[in-house]
Amino acid sequence: MRKCPCVYVVLLCSAVLKTFVDCVDDIEEKERYSSSTVGLLKLLKVEQEFIDSLISKADQLGDKFVSLRLYLSSVGYELNRSYNERVVYVSNPINAFSLLRRIHKDLPKWHAFFKEDIGKGDLSTLDDVVKKVPSDVDMLSAVRGIQRIERVYDLKLDDLAQGVLQGVQYNTKLTYRDLIAMGDSMYQQRDIQAAAKWYRIACKRELENSEELLVGILGDPSEPLHRQYVKSLFIYASILSEPSKPIEEVLIMGENLLAHASLEELDSIMSDLNDPRIDAEVEKVLYRAKRSPSNFEIGCRGLYRRKTNLECRYKSTANAFLRLAPLKFEEISLDPFMAMYHGVLYDSEIRALKGQSWNMVNGYASERNGTEIRDTVARYDWWTAASLTRERINQRIVDMTGFNFPSDEKLQVTNYGLGSYFQPHFDYSSDGFETPDVTTLGDRLASVIFYAGEVRQGGATVFPEINVTVFPQKGSMLYWFNLHDDGRPDIRSQHLVCPVVNGDRWSRLGGSYITILLHIGCLLFQLSQCGFQCFLKCLVTHANRS
């Protein structure tokens, strides 16, 4: 009996789809350096290992090593940074992006350049280091991180490129090649306006070091840059004049227009574009279209109207612990209730917390759809190992909040990276409108966040439904309720984490399924809402789990 050919087609398509899904799985499981400060520190170590290996062979490399020194000088490379200096370095998004781009793009070129001069036995160390370079997905995440910081905080690209973040000038800036990489990525993502902005800034710069051998190794991006800039301006002008025309059609027109342009023609156009009067007009056009900020972006910028009738005080009456050692207490919101304690996580505990960071995994805000490669929110891990420090922190939560749960409750440790953020979400498990399944013994009653890192700019926790912004303060703890008194989800508890502009954002999350308070809420709520049978089901489940 002859089999239908379509059967083979179906089997082939299934095999291809499975291979693709497996590939996506591999990509999503692999660490993305850009998604956490810890990852960026690892990447800095990769660069250090590569440079150290070459320094040890300086005599063997001869004059070629001079080119490497020129390059390291042009990118501001420093030897022998202390741990704190390394953290400060990668906590700045300009440094973080530049680091990731040069290891992704430049390091493999240096590896190929020195390959001929290093014996096969000595080359194995460099080969191992090159295997650790960031992936294309990681590079794209870094680009999106820079883009997110710029858009969420309404930063002007010219300032960002010069190392000015929210009016603060830092001793760093994006390099010529960094700017071109941003422009190329925006162009590939079909954000032509943003691509033209980045190319324009790059065209005003010069290659940091044009030494002939160095350019021979890394390439000269100037001619392709000018071509891309002119092309992006043409395409953007076409989009503005004919907004209904399909973008792909406009892109083909731009490609065809510039495909056969000679260097002389290109130089002539660039000469006109560099005229200050024409450049000023180009700038007006590129920056004219400005979108209105979303409510959460307003919150990230700290522009919500400040709430009144709130108090800050020493809290000493809740229990015996607070009577002996009053704590600084700040009301954030009265309805829904939200508060902070200050100075309640100590440096020794923060060091213990960060000690849980080396087995972190990628954190995602959305479910997999089988084929999509998702953006990482952060890197996280669960602190489950027996620890007196963890037990002491949990006991402190009990003393501060009145929640009753075991001192060995596991804690989630989270570290954010380059422009990463957690989109608006709820901490309770139901969808905000339906009562949670009684077999879960209710829902997540409350959430607790300890801030454990130095965040100089950005990184706020924002509650857009009630227009509340809480900026992270090292050693402080924020907590709020996710449910109403009767057990219904409170949609006002929706919150998000804003991108860090500059700093190292660590969070220790608690408040998973708080026991006694939560279970009582389940029993009473189910009796009132769904009758005796529902109440019995909840009661039996409670007894079985106790």
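In this text, all values refer to a predicted model and were calculated from it rather than measured experimentally. (Residues numbered from 1 in each chain as written. Predicted model: local features only at pLDDT ≥ 70, side-chain atom pairs only at ≥ 80, totals over all residues. Heavy atoms only, no water.)

Student: Mind showing me how you'd approach the pairing of strand β4 (residues 327-334) here?
Tutor: Within a regular strand, the side chains alternate between the two sheet faces. The buried fraction of β4 is high, at six of eight residues. Two elements, strand β3 (residues 312-315) and β4, share four bridges in a ladder whose sense is antiparallel. Note that in β4 the partner of K315 across the bridge is L327. Connecting β4 to the antiparallel partner strand β5 (residues 337-342) that follows it, the hairpin turn spans two residues. (Buried < 20%, exposed > 50% of the residue type's maximum accessible area, 1.4 Å probe, protein only. Helix = DSSP H or I, 4+ residues; strand = E, 2+ residues; numbered from the N terminus. Pairing = 2+ DSSP bridges.)

Student: Explain the packing of aromatic side chains to me, please; I cannot follow it from the model alone.
Tutor: For any pair of aromatic rings, the description consists of the separation of the ring centres together with the inter-plane angle of the planes. This model, assessed by the stated rule, comprises eleven aromatic pairs. Their ring planes at 80 degrees and their centres at 6.0 Å tell us that W110 and F113 sit as a pair that is edge-to-face. Linking W110 with F113, this pair stays in helix α6 (residues 93-114), spanning three residues, or about one helical turn. Between the aromatic rings of Y341 and Y479, the centroid separation amounts to 6.4 Å while the plane-to-plane angle is 15 degrees, which identifies the pairing as stacked. Separated by 138 residues along the polypeptide, Y341 in strand β5 and Y479 in strand β14 (residues 477-481) bring together distant segments of the chain. In this structure, Y341 and Y479 share a single accessibility class: buried. Aromatic ring contacts, followed pair by pair, group F329, F337, Y341, Y479 and F481 into a single cluster. Over the ring of Y287 we find K197; its NZ or CZ atom is 4.3 Å from the centre of that ring. (Phe/Tyr/Trp six-rings, centres within 6.5 Å; stacked < 30°, edge-to-face > 60°. Lys NZ or Arg CZ within 6 Å of the ring centre and 35° of its normal.)

Student: Which parts of the structure should I look at to understand the side chain of E47?
Tutor: Relative to the helices and strands, E47 resides in helix α2 (residues 37-55). Excluding residues within four positions of it along the chain, E47 makes contact with Y77, L99, R102 and I103. (Contact = heavy atoms within 4.5 Å.)

Student: Whenever I open this one, unusual backbone geometry confuses me. Can you help?
Tutor: The bulk of non-glycine residues show a negative phi, and the bulk of peptide bonds are trans. Cis geometry marks the peptide bond from D335 to P336, where omega comes out at 0 degrees. Tracing the backbone through its elements, the reader meets P336 in the loop between β4 and β5. Even without being glycine, D154 reaches a positive phi, approximately 55 degrees. Position of D154 among the secondary structure elements: in the loop between α8 (136-152) and α9 (157-161).

Student: What's the story with the nonpolar core in this structure? I'm lost.
Tutor: Looking at soluble globular proteins, one finds that nonpolar side chains tend to be buried together. Judged by nonpolar contacts, the single largest core of 93 residues is most densely connected at F50, L68, F97, W110 and W198. If you tally residues by element for this core, the top one is α6, at ten residues. Beyond its immediate sequence surroundings of up to four residues, W110 is in contact with F50, S67, L68, Y71, L214, I217 and L218. Among the nonpolar cores identified, the runner-up in size contains 30 residues, and L322, L327, L345 and V398 belong to it. (Core = buried A, V, L, I, M, F, W, Y, C linked by side-chain atoms within 4.5 Å.)

Student: What is the right way to look at the pattern of salt bridges in this model?
Tutor: Taken as a whole and judged by the stated rule, the model has 29 salt bridges. A salt bridge links D106 to R101, with the shortest nitrogen-to-oxygen separation between them at 3.1 Å. The buried category is assigned to D106, whose relative accessible area is 2%. Since its relative accessible area comes to 4%, R101 is described here as buried. Linking E454 and K474 is a salt bridge whose minimum nitrogen-to-oxygen distance equals 3.8 Å. Here K474 lies in the loop between β13 (468-470) and β14 and E454 lies in the loop between β10 (446-451) and β11 (455-458), a separation of 20 residues in the sequence. (Salt bridge = Lys/Arg side-chain N within 4 Å of Asp/Glu carboxyl O.)

Student: Just checking my understanding: could you explain the sheet that holds strand β15 (residues 495-497) for this structure?
Tutor: What holds strands together in a sheet is hydrogen bonding between their backbones, with the strands either parallel or antiparallel. Strand order in the open sheet formed by four strands is β9-β15-β12-β13, with antiparallel pairing between adjacent strands. Both outer strands of the open sheet, β9 (422-425) and β13, are each paired with one neighbouring strand and no more. Geometrically, the sheet is characterised by an average inter-axis angle of 15 degrees between neighbouring strands, direction not taken into account. (Axes fitted to C-alpha atoms, helices over the stretch in contact; angles between N-to-C directions.)

Student: Is there a simple way to explain the state of the cysteines in this structure?
Tutor: Covalent bonding between the sulfur atoms of two cysteines defines a disulfide. Tallied over the full model, the rule gives one disulfide. In this model, C300 is linked to C498 through a disulfide, with the two sulfur atoms separated by 2.0 Å. An S-S torsion of about -90 degrees defines the bridge between C300 and C498 as left-handed. Of this pair, C300 sits in helix α17 (residues 295-300) while C498 sits in the loop between β15 and β16 (500-503), and the two are 198 residues apart along the sequence. Since its relative accessible area comes to 1%, C300 is described here as buried. For C498, a relative accessible area of 0% translates into the label buried. (Disulfide = S-S within 2.5 Å.)

Student: What's the story with the side chain of Q147 in this structure? I'm lost.
Tutor: As for its position among the elements, Q147 is in helix α8. Apart from residues lying up to four places away in sequence, Q147 is in contact with M186 and D191.

Student: Whenever I open this one, α6 confuses me. Can you help?
Tutor: Residues lying three or four places apart along an α-helix face the same way, a consequence of the helix completing one turn every 3.6 residues. If you check α6, its first and last C-alpha atoms are 30 Å apart, about what 22 residues at 1.5 Å a residue would give, namely 32 Å. At D106, α6 shows its maximal kink, close to 40 degrees; a proline, P108, follows between one and four residues later. The buried fraction of α6 is high, at 18 of 22 residues. For α6, the N-terminal cap is N92; the gap from its side-chain oxygen to the backbone nitrogen of I94 is 2.9 Å. (Expected span 1.5 Å × (residues − 1). Bend = angle between axes of the 7 residues up to and from the residue. Polar contact = N/O pair within 3.5 Å; in protein donor to acceptor, adjacent residues only side chain to side chain.)

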